[in-house]
Amino acid sequence: MPLIPKPVEEWYKEFSKQEKIWIAIALAVAIILAATTLSWPLIDPKHEVPSSAREFNPTAYKEIANNFSSIYNGKLVPPNTDIYIAAQQYFWSISTLVLKKGVDYRFHLGSLDVIHGFTIVGNGTVYSIMVMPGMEYVFTMNFKNAGTYYVICSEYCGYGHGSMRMVIEVVA
Ligand code: CUA
């Protein structure tokens with residue numbers, strides 16, 4: 001028996017009240033998401049991810065990052081000092097970064113081997129940068145609140161991925 005479509009009048013029903021409400025909610029959510037995404041540069045103009053990226057020499061960068069860590073690990077980084085962090089399976093080149101609240105710090109970030117994810121969490125802050133090998137990422141961060149922040153690796157990079165952590169202490 002051939003399938004003959006029914007005429008529209010036979011299957012069409014008006015939307016029920018609940019259906020109309022759900023369609024309105026879904027539309028409102030879609031509009032809000034699209035509007036916040038497009039207007040984000042106006043809401044948070046400093047939130048550049050990242051402001052620049054350039055090719056780098058991993059060997060030279062490793063030395064700069066290790067040098068930075070040997071001077072500043074666990075010690076306050078003075079304002080106007082550039083921060084150098086290298087990511088490597090399975091650690092960050094510095095374990096405790098101490099920064100001053102309300103100061104613009106320029107971060108340099110690079111991976112010496114595979115893709116890592118530099119993600120800062122704590123005090124309502126979430127900041128994330130994917131760190132591709134062979135590139136040096138430069139961005140500015142200003143911590144508005146004192147407290148302890150944690151950096152985790154947010155790109156799966158091997159068996160020790162879960163242990164890639166560092167701490168950022170922001171002091172008043
Ligand atoms: Cu580094 Cu996951």
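Not measured: the values here are computed from a predicted model. (Residues numbered from 1 in each chain as written. Predicted model: local features only at pLDDT ≥ 70, side-chain atom pairs only at ≥ 80, totals over all residues. Heavy atoms only, no water.)

**Structural notes on the overall build of the protein**
No. 1: When helices and strands are counted, the protein shows 3 helices and 10 strands.
No. 2: Traced from its N-terminal end to its C-terminal end, the protein shows the element sequence α-α-β-α-β-β-β-β-β-β-β-β-β.
No. 3: A compact globule built from 172 residues should have a C-alpha radius of gyration of about 16 Å, whereas the protein, at 24 Å, is more than 25% larger.
No. 4: Projected onto its principal axes, the C-alpha coordinates of the protein cover approximately 80 × 40 × 25 Å.
No. 5: Burial analysis of the protein (172 residues in total) assigns 31% to the buried set.
No. 6: For the protein, long-range pairs separated by at least 24 residues make up 64% of all intrachain contacts whose partners lie at least 6 apart in sequence.
No. 7: About 10,900 Å² of surface is accessible on the protein, with carbon and sulfur atoms providing 62% of the total.
No. 8: Taking the average place of the 13 positive charges on the side chains of the protein and the average place of its 14 negative ones, the gap between the two points comes to 8 Å. (Helix = DSSP H or I, 4+ residues; strand = E, 2+ residues; numbered from the N terminus. Rg over C-alpha atoms; globule rule 2.2 N^0.38 Å. Buried < 20%, exposed > 50% of the residue type's maximum accessible area, 1.4 Å probe, protein only. Contact = heavy atoms within 4.5 Å. Areas by Shrake-Rupley, 256 points an atom, 1.4 Å probe, with all protein chains shown as cover. Lys, Arg positive; Asp, Glu negative; His and termini not counted. Charge placed at Lys NZ, Arg CZ, Asp CG, Glu CD.)

**Notes on a nonpolar patch on the surface**
No. 1: A cluster of nonpolar side chains, contributed by I21, W22, I25, V29 and L33, occupies part of the molecular surface with about 510 Å² of accessible area.
No. 2: As for its position among the elements, W22 is in helix α2 (residues 17–43). (Patch = residues over 30% accessible without salt bridge, like charges linked within 9 Å, V, L, I, M, F, W, Y side chains within 5 Å. Salt bridge = Lys/Arg side-chain N within 4 Å of Asp/Glu carboxyl O.)

**Some thoughts on the environment of I23**
No. 1: Mapped onto the elements of the fold, I23 is located in helix α2.
No. 2: Owing to a relative accessible area of 45%, I23 belongs among the partly exposed residues under this scheme.

**Section: the pattern of salt bridges**
No. 1: Tallied over the full model, the rule gives 2 salt bridges.
No. 2: Across the pair R54 and E136 runs a salt bridge, and its minimum N-O distance is 3.5 Å. With a gap of 82 residues between them, R54 in strand β1 (residues 52–55) and E136 in strand β8 (residues 135–142) connect regions that are remote in the sequence.
No. 3: Taking the relative accessible area as the measure of exposure, E136 reaches 9% and is therefore buried.
No. 4: Across the pair R106 and D82 runs a salt bridge whose closest N-O atoms are separated by 3.1 Å. One end of the pair, R106, is in strand β5 (residues 104–111); the other, D82, is in the loop between α3 (58–72) and β2 (83–88), and 24 residues separate them in sequence.

**Observations concerning unusual backbone geometry**
One can expect most non-glycine residues to show negative phi and most peptide bonds to be in trans.
No. 1: Following Q89, the chain continues into Y90 via a peptide bond in cis, with omega recorded as 0 degrees.
No. 2: Tracing the backbone through its elements, the reader meets Y90 in the loop between β2 and β3 (91–92).
No. 3: Here the phi dihedral of N80 falls at roughly 70 degrees; this positive angle occurs in a residue that is not glycine.
No. 4: Mapped onto the elements of the fold, N80 is located in the loop between α3 and β2.

**A short note on α3**
Quick reminder: α-helices carry 3.6 residues per turn. Residues three or four places apart thus point the same way.
No. 1: The terminal C-alpha atoms of α3, which comprises 15 residues, lie 21 Å apart, in line with the 21 Å expected from a rise of 1.5 Å per residue.
No. 2: Taken together, the buried positions of α3 are occupied by Y61, A65, F68, S69 and Y72. On an axial view of α3, the arc spanned by its buried residues comes to 100 degrees, and they lie on one face. For α3, the exposed residues set more than 90 degrees away from the buried face come down to T59, E63 and S70.
No. 3: Buried-residue contacts for α3 involve β2, β4 (96–100), β5 and β8.
No. 4: At the N-terminal end of α3, a side-chain oxygen is found 3.0 Å from the backbone nitrogen of T59, two or three residues along, and the residue is N57.
No. 5: Directly beyond the C-terminal end of α3, a positive phi value near 80 degrees is found at G74. (Expected span 1.5 Å × (residues − 1). Arc of directions from axis to C-beta. Polar contact = N/O pair within 3.5 Å; in protein donor to acceptor, adjacent residues only side chain to side chain.)

**Re the domain arrangement of the protein**
No. 1: Taken domain by domain, the protein consists of domain 1 (8–43) and domain 2 (52–171).
No. 2: Measuring from the centre of the C-alpha atoms in domain 1 to the corresponding centre in domain 2 gives 41 Å. (Domains from an automatic or database assignment.)

**Observations regarding α2**
No. 1: The end-to-end C-alpha separation of α2 is 36 Å, in line with the 39 Å expected for 27 residues at 1.5 Å each.
No. 2: Of all the bends in α2, the largest measures some 40 degrees and sits at T37, one to four residues before the proline P41. (Bend = angle between axes of the 7 residues up to and from the residue.)

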